[in-house]
Amino acid sequence: WIMSDPFQLAQRLQARRDQHLYRQRRVLESPQQAHIQCDGKTLRNFSSNDYLGLANHPAVIAASQQAAVEYGFGSGASHLVIGHSRLHHELEERLAEWVGRPRALLFSTGYMANLGVISALLERGDTVVQDKLNHASLLDGAQLSRGQLQRYQHNDLGSLQQRLQQASSPVLVATDSVFSMDGDIAPLQDMAHLCQQQNAWLMVDDAHGLGVLGQGHGCLREYDLSLEQVPVYMGTLGKALGSYGAFVAGSEDLIEFLIQSARSYIYTTAMPPSVAAASLASLDILSAEPWRVERLQDLIGRFTRGALAMGLPMMPSSTAIQPLLVNDSERALQLSAQLLERGLLVGAIRPPTVPANAARLRITLSAAHSEQDVDDLLDALASK
């Protein structure tokens, strides 16, 4: 007996292979850090979002271990049942203070935070307006909500204004701060002004800005954005902070409303208390060691100057995400494989993660890299 396949899975998988869009997992055999063991090889890691080198920091590990001894491992329930520990509560208070908002609310992932916020806020007839290059979680949150999704051209204020003028109120505008595959930054101050003019709320996903922009405090500090200008802020803990999870920060009313209404908060198990403890330790390190942010900026400058001098086809970015535009998916895979042979792990990003004919190498830098690491990467790219 052969099981029927009405969804034609084998054919669809083969089509991905034929188009050079098939994705495979690597197996990490060491902690997440600048130099790793992966698939039996020693590699220098230019693919991670561990921008400040905190994922394997001894103080983060120790805080997690101590919390596991004190609180056990699993939280055992959702926050609203009996899973909300003192460490969760302390972390929410610290995060609100860190980003300059009255309150914060923990979510298990950034994906769940974006789904929860957008679907909770929007009712039938409302509008959500989003950048065309927003992260999938923002777009999925809009599509799963009862509101109408409108999309504007990437970082194009004129296109945004046109969508706002056409939208039926109330309107939520959502954008990444730092775009995860392009590395560029949204014009947040101008967007905030435009949203206030049009009586729309602005939601910012600062997944790749928190810990990096604003001396580590994120885009709100970097661009001096008030609660009135950005009523809804989302940050993740699994990138620059080296931990896991996410949070939404905003007014007292917003957070209370999400506790009552955000399904991805209400109906999921709280993160382990030891994970919250790790995030608290990361915030302590960020406060005590501002040099990490400064060092990352120095390495970004070193790389971008070198790439410019060599005439590499880099996409415009001043952040830790430095995309080298290749266009062709097969060529991107070839370049990634050639770098891997030289002990350099750089991911080939292809559609549907990026638009058609916009495949690229996504190079990410970390404060844990050395100048020699960056120079060796530039040398390898120069020879391609």
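Along every chain, residues carry numbers that run from 1 in the direction the sequence is written. Only residues with pLDDT of at least 70 get local features here, since the model is predicted, and only at 80 or more are side-chain atom pairs given and counted; chain-wide, interface and lining totals rely on the full set of residues. Each side-chain value is derived from all of the structure's non-hydrogen atoms; neither hydrogens nor water enter the calculation.

Trainee: How should I be thinking about the environment of D284 in this particular structure?
Mentor: For D284, the location among the structural elements is in helix α12 (residues 273–288). Contacts described as polar in this section are N or O atom pairs within 3.5 Å, which, within protein, must combine one atom able to donate a hydrogen with one able to accept it, while residues neighboring in sequence count only if both atoms come from side chains. In this structure the side chain of D284 is engaged in a polar contact, spanning 2.9 Å, whose partner is the side chain of R94. Here a helix means four or more residues in a row that DSSP labels H or I, a strand means two or more in a row labelled E, and each is numbered from the N terminus.

Trainee: Would you mind going over the side chain of D126 with me for this structure?
Mentor: With respect to the helices and strands, D126 occurs in the loop between α5 (110–121) and β4 (127–131). Think of it in three bands: residues with accessible area under 20% of the maximum for their type are buried, residues over 50% are exposed, and the middle band is partly exposed, with areas taken using a 1.4 Å probe on protein chains only. We score Asp and Glu as negative and Lys and Arg as positive, and we do not count His or the chain ends. The salt bridge criterion pairs a side-chain nitrogen of Lys or Arg with a carboxyl oxygen of Asp or Glu, the two atoms within 4 Å. The buried charged residue D126 lacks any salt bridge, with R146 as its nearest oppositely charged partner at 7.6 Å. Reaching out from D126, the side chain makes a polar contact with the backbone nitrogen of E123 at a distance of 2.7 Å.

Trainee: Would you take a moment to explain the sheet that holds strand β6 (residues 171–176) for this structure?
Mentor: Across a sheet, paired strands are connected by hydrogen bonds in the backbone, their directions being either parallel or antiparallel. DSSP calls a pair of strands paired once it identifies at least 2 bridges connecting them. Pairing in this open sheet of seven strands is mixed, and the strands run β3-β9-β8-β7-β6-β4-β5 from one edge to the other. Edge strands, defined here as strands with exactly one partner in the open sheet, are β3 (103–107) and β5 (148–152). Here the average twist between neighbouring strands, direction ignored, is 20°. Summarising the sheet, β4 and β6 pair through four bridges and their orientation is parallel. Each bridged residue has a counterpart across the sheet, and for Q130 the counterpart in β6 is A174. The sheet contacts of α5 involve β3, β4, β6, β7 (201–205), β8 (232–236) and β9 (246–250), and relative to β8 the element is tilted by about 165°. Only heavy atoms enter the contact rule, under which two residues are in contact if any of them lie within 4.5 Å. Angles here are taken between N-to-C directions and fall from 0 to 180 degrees, while the axes themselves are lines fitted to C-alpha atoms, restricted in helices to the stretch in contact. Contacting β4, β5 and β6, helix α7 (residues 157–166) crosses the sheet at an angle of about 155° to β5.

Trainee: For this particular structure, what's the right way to read the sheet that holds strand β10 (residues 321–327)?
Mentor: Spatially, three strands are ordered β10-β13-β12 in an open sheet, and the strand pairing comes out antiparallel. Strands with a single pairing partner mark the edges of an open sheet, and in this sheet they are β10 and β12 (347–349). Each strand axis lies, on average, 30° off the axis of its neighbour in the sheet, ignoring direction. Judged from the six bridges that link them, β10 and strand β13 (residues 359–364) form a sheet pairing that is antiparallel. Considered in β13, the bridge of I321 is made with T364.

Trainee: I'm lost on the state of the cysteines in this one. Help?
Mentor: Cysteine pairs can be linked by a disulfide, which is a covalent bond between their two sulfur atoms. In this description, the term disulfide denotes a pair of cysteine sulfurs within 2.5 Å. The final tally for this structure, using the stated rule, is zero disulfides. No disulfide involves C195; its sulfur sits 13 Å from the nearest other cysteine sulfur, which is in C219.

Trainee: Got a minute to help me understand the layout of surface pockets in this structure?
Mentor: Lining residues are those with an atom within 4 Å of a point, where the points come from a 1 Å grid over the protein atoms alone and group into cavities, where a 1.4 Å probe fits but cannot get out, or pockets, open sets with protein on both sides within 12 Å along at least five of seven lines. Grid points are joined across faces, edges and corners, and a volume is the space filled by probe spheres set on the points. Looking at the largest pocket, its volume works out to about 1,300 Å³. Lining the largest pocket we find 49 residues, and of these Q24, S47, G347, A348 and I349 sit closest to its centre. Looking at the lining of the largest pocket, its residues break down into 18 nonpolar, 21 polar and 10 charged. Space inside the second largest pocket adds up to approximately 340 Å³. Looking at the second largest pocket, it is lined by 16 residues, and the ones nearest its centre are L133, N134, P352, T353 and V354. Grouping the amino acids of the lining of the second largest pocket by side-chain chemistry returns eight nonpolar, four polar and four charged. Put simply, Ala, Val, Leu, Ile, Met, Phe, Trp, Tyr, Cys and Pro go in the nonpolar bin, Asp, Glu, Lys and Arg in the charged bin, and everything else, Gly too, in the polar bin.

Trainee: How should I be thinking about the packing of helix α2 (residues 58–71) against α12 in this particular structure?
Mentor: When two helices pack together, their arrangement is given by the angle between their axes and by how far apart the axes lie. With their axes 8 Å apart at the nearest point, α2 and α12 run at an angle of 145° to one another. Of the two elements, α2 crosses α12, and the hand of that crossing is right-handed. Facing A59, V60, A63, S64, A67, A68 and Y71 of α2, the residues of α12 in contact are P273, S274, A277, A278, A281, S282 and I285. Taken together, the residues of the contact of α2 with α12 sort by class into 11 nonpolar, three polar and no charged. Note on convention: near helix rotated counterclockwise from far helix by under a right angle means a left-handed crossing. Clockwise means right-handed.

Trainee: So what exactly am I meant to see when it comes to the nonpolar core here?
Mentor: Side chains that are nonpolar tend, in soluble globular proteins, to be buried together. The set of buried Ala, Val, Leu, Ile, Met, Phe, Trp, Tyr and Cys residues whose side-chain atoms join them within 4.5 Å is what this entry labels a nonpolar core. Counting 82 residues, the largest nonpolar core has V173, F247, L296, F303, L361, I363 and L381 as its most contacted members. The dominant element in this core, judged by the number of residues it contributes, is α12, at nine residues.

Trainee: I tried to follow the pairing of β7 on my own but got confused; where do I start?
Mentor: Note on strand geometry: in a regular strand, side chains alternate between the two faces of the sheet. Most of β7 is tucked away: four of the five residues are buried. Alignment of β6 against β7, held across five bridges, turns out to be parallel. Pairing of A174 across the sheet is with M203, part of β7. Remark: the β6/helix α8 (residues 188–197)/β7 crossover connection has right-handed handedness. Pairing between β7 and β8: three bridges, direction parallel. Here is how to tell: hold the view so the strands point away, follow the path from the first strand over the helix to the second, and if it runs clockwise the crossover is right-handed.

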